[in-house]
Amino acid sequence: MKSGKWKYKVGGRARGIIPSLFLAVLFGGVSIYLYLDKQGIFLFSLLLTVFALVLVFVCVFQAKFVKVLIGENGIYHQTKPGNGRFVTYREIPEAWESFGKSLNGMEQHFVNYRTADGRVVRFPFYPYESEGVHYLIKCVRENGAGICRPDTDEGRKEYIIDGKTYGKTSIVICLVLLVLMLAITVPLRPCAAGSGLGGIICLSGIGAVLIILAAVIIRYLCFKVRIGSSGFYFRSGPFNGRYYQYCDIAGCTIEKQVYNHRTRPYGGTGTQLYYYYFIFTDKSGRTRKFQFQKSIHGHEAETLKMRIDQASGTSRKRRRAGKAVY
């Protein structure tokens, strides 16, 4: 299709390529200088150069292949070479926008739409692209099911919260950190061997990265919350999966916790980390919780809370009706 037929475009822009090119040139120049000066530390700067080049590649890849084109009759969504697909609005039974603060406090925005086979597809967008996103959601509402009402059968669709979104990216970042830690530790190993404290610090850094990597992998492979019409399935580890009926949950809440990572000198606040938790208590009194990203799964978490609250309200009405009859 010709680009003139599209009203809006989301993504498909080389954002961040200039800073990435600057870092690649800077680290590359430092690596060449250290190599010519025959200093072994050039391996560390070489790894930084490779990392910067990877960022350049990601920017170019996203500009070329990751985009959503929004037209009058449907959208064209592409995430990698050869997988572009045109979907009409009548094939999208539901669409919604989700937003909120990410872990590092940055505001994130996502568009989510459900395909005809029930699969949920999401893609990020920036505030200046919101006009096209609102047009997309408006067209979905006007051409079929639209946004589902919670008090109808259409509002009992299945939703999933898991660790797949950005899960592979987190694993890759942890692997890069591990490689960087090893690149720093190996050249300094003779010096660290003579100092017990230095060896402990090096091993502690590598151990911390390994623990984080293991946690990220477990979340990616195991964490899942499947929200159904009459209950939900929750699993946070390899062997602790369990299905809960909504009527078996005594109460639930969504909490935001903000942690100050460090305090800046001379006053002021340091980096703040934002965590969102869904906490629920079953009728046996056991409380469980799971972390989710509000910008990605805020709609799903609110839907889960709504269905639990509705089930609790229905149960109370039934108990009252039973007492009245008795």
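Please read all numbers here as calculations on a predicted model, not as lab measurements.

Cut-offs applied
- Residues numbered from 1 in each chain as written.
- Predicted model: local features only at pLDDT ≥ 70, side-chain atom pairs only at ≥ 80, totals over all residues.
- Heavy atoms only, no water.
- pLDDT = per-residue confidence, 0-100.
- Contact = heavy atoms within 4.5 Å.
- Pairing = 2+ DSSP bridges.
- Helix = DSSP H or I, 4+ residues; strand = E, 2+ residues; numbered from the N terminus.
- Axes fitted to C-alpha atoms, helices over the stretch in contact; angles between N-to-C directions.
- 1 Å grid on protein atoms, 1.4 Å probe; cavity = no way out; pocket = protein on both sides within 12 Å on 5 of 7 lines; lining within 4 Å.
- Points joined across faces, edges and corners; volume = space filled by probe spheres on them.
- Nonpolar A, V, L, I, M, F, W, Y, C, P; charged D, E, K, R; others polar.
- Core = buried A, V, L, I, M, F, W, Y, C linked by side-chain atoms within 4.5 Å.
- Buried < 20%, exposed > 50% of the residue type's maximum accessible area, 1.4 Å probe, protein only.
- Expected span 1.5 Å × (residues − 1).
- Arc of directions from axis to C-beta.

(A) Spotlight on the confidence of the model for the protein chain. Residue-level pLDDT values for the protein chain average 83, and 82% of them are 70 or greater. Taken together, the stretch residues 146–152 has pLDDT below 50 and engages in 19 contacts with residues farther than four places along the chain or on a different chain.

(B) Representation of the sheet that holds strand β9 (residues 224–227) in the model. What the four strands build is an open sheet, ordered β8-β9-β10-β11; its pairing is antiparallel. Both edges of this open sheet fall to β8 (159–162) and β11 (242–245), since each of them pairs with a single strand only. Strand-to-strand twist of the sheet, defined as the mean angle between neighbouring strand axes without regard to direction, takes the value 15°. Here four bridges tie β8 to β9, and the two strands are oriented antiparallel to one another. Each residue of the ladder has a partner; that of I160, found in β9, is R226.

(C) Structural detail: the sheet that holds strand β5 (residues 94–101). Here three strands make up an open sheet; going across it, the order is β5-β6-β7 and the pairing antiparallel. Each edge of the sheet is formed by a strand with only one pairing partner; in this case those strands are β5 and β7 (120–125). Strand-to-strand, the axes of this sheet are offset by a mean angle of 25°, without reference to chain direction. Here six bridges tie strand β6 (residues 107–114) to β7, and the two strands are oriented antiparallel to one another.

(D) The arrangement of empty space enclosed by the protein in detail. Applying the stated criterion to the full structure yields one cavity of 30 Å³ or more. If you trace the largest cavity, you find it lined by R85, V87, E91, T115 and A116. Its residues placed into classes, the lining of the largest cavity shows two nonpolar, one polar and two charged.

(E) Spatial organisation of the nonpolar core. Counting residues in hydrophobic clusters, the biggest one holds 22 residues, and the most contacted among them are V225, F232, F278, F280, F290 and L304. Where this core is concerned, the elements lending two or more residues are β8, β9, β10 (231–235), β12 (249–260), β13 (272–282), β14 (287–292) and α7 (294–325). Leave out the neighbours within four places in its chain, and F290 touches I161, F223, V225, F234, Y276, Y277, F278, F280 and L304. In terms of nonpolar packing, the next biggest core, distinct from the first, is built from 19 residues, I75, Y89, A95 and Y135 among them.

(F) The environment of L221, seen in detail. Here L221 is to be found in helix α6 (residues 196–222). Here L221 falls in the exposed class, since its relative accessible area comes to 53%. The residues touching L221, leaving out its near neighbours within four places in the chain, are K164 and R235.

(G) Unusual backbone geometry, seen in detail. Positive phi values are uncommon outside glycine, yet Y166 reaches one of about 60°. Checked against the element boundaries, Y166 lands in the loop between β8 and α4 (167–185). Overall, Y166 belongs to the partly exposed group, its relative accessible area being 35%.

(H) Expanded view of helix α1 (residues 17–36). For α1, which comprises 20 residues, the first-to-last C-alpha distance of 28 Å matches the rise-based estimate of 28 Å (1.5 Å per residue) to within 8%. Here α1 has its buried residues at S20, A24, G28, S31 and L34. Mapping the buried residues of α1 onto a view down its axis gives an arc of 130°, with all of them on the same face. Across from the buried face of α1, at angles greater than 90 degrees, the exposed residues are I18, F22, V25, Y33 and L36. Turning to α1, the residues buried within the fold contact α2 (42–65).

(I) The pairing of β10, seen in detail. Both β9 and β10 contribute to a ladder of four bridges, which runs antiparallel. The partner of I227 across the bridge, within β10, is F232. Across four bridges, the pairing between β10 and β11 is antiparallel. The residue bridging Y233 from the neighbouring strand is Y243, located in β11. Between the end of β10 and the start of β11, which pair antiparallel, lie six residues.

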